[in-house]
Amino acid sequence: MVKKTQKDDPLASLVVDRVWWVARAPRSYDETMEAWRTSCPRLPVWEEAVDRGYVARRRGEDGRATVEVTPEGRELLALDDPLNDELSANVAVRSGFMK
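My aim in this report is to walk through the structure given alongside it, one point at a time. Everything quoted here is computed from the prediction, not taken from an experiment. Per chain, the residues get numbers from 1 upward, laid out in the order the sequence is written. Where local features are concerned, this predicted model is filtered to residues with pLDDT of at least 70; where side-chain atom pairs are given and counted, the filter is 80 or more; whole-chain, interface and lining totals use all residues. No hydrogens and no water enter the side-chain calculation; it runs on all heavy atoms of the structure.

### Side note on the sheet that holds strand E2 (residues 55-59)
Pairing is antiparallel across the open sheet formed by three strands, whose spatial order is E1-E3-E2. Strands with a single pairing partner mark the edges of an open sheet, and in this sheet they are strand E1 (27-28) and E2. Pairing of E1 with strand E3 (residues 65-69) involves two bridges; the strand directions are antiparallel. Directly across from Ser28, in E3, lies its bridge partner Thr66. We call two residues in contact when some of their heavy atoms are within 4.5 Å. To get an axis, a line is fitted to the C-alpha atoms, and for a helix only the part in contact is used. The angle between two axes follows their N-to-C directions and goes from 0 to 180 degrees. Under the scheme used here, helices are H or I runs from DSSP no shorter than 4 residues and strands are E runs no shorter than 2 residues, and both carry numbers assigned from the N terminus. Each of E1, E2 and E3 touches helix H1 (residues 12-24); the most contacted strand, E3, lies at about 115 degrees to it. By the convention used here, strands pair only if DSSP detects at least 2 bridges between them.

### Examining the pattern of salt bridges
Whenever a carboxyl oxygen of Asp or Glu lies within 4 Å of a side-chain nitrogen of Lys or Arg, that contact is scored as a salt bridge. In the structure shown here, the tally under the stated rule is four salt bridges. The partner of Glu31 in a salt bridge is Arg27, with the nearest N and O atoms 3.3 Å apart. Given a relative accessible area of 34%, Glu31 falls into the partly exposed group. Each residue's exposure class comes from its accessible area (1.4 Å probe, protein chains only) as a fraction of the maximum for that residue type: buried when under 20%, exposed when over 50%, partly exposed otherwise. The exposure class of Arg27 is buried, given its relative accessible area of 13%. A salt bridge links Arg58 to Glu68, with the nearest nitrogen and oxygen atoms 3.6 Å apart. You can see Arg58 sitting in strand E2 and its partner Glu68 sitting in strand E3, a full ten residues away along the chain. Arg58 gets classed as partly exposed once you look at its relative accessible area, which sits at 41%. The exposure class of Glu68 is partly exposed, given its relative accessible area of 37%.

So this is what it looks like as C-alpha cells:
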C-alpha cells in the first residue's frame, strides 16, 4: 500500500522517476544499478524503492538478476499517472490518500 505523499517525502519524486524507468522495459539488475548510479543520492533512492516494495530483484529464466515493478509499485505509478484519473482515484481511496 502506498503510504507517503510527495510533499511528505523528499525522496518521493526520485523514487517515482526510477519506478517509472523500471516499468518501461525489462531491466537487468546491472543495468538498473548503472542507471541509478546517475541519480543523486543513488543508494537511498534504490533502498527506498525496495524497502517500500515498489521494485524487486528476481532471477530471470536465464539465471540473471532482473528488476521488476511490484504490484505496490504499479499502485504508486497509477497515483502518479495524470492520464489515468479513474484508476488513480480508486488506488488513492484504497491506500488512504482520499477519504
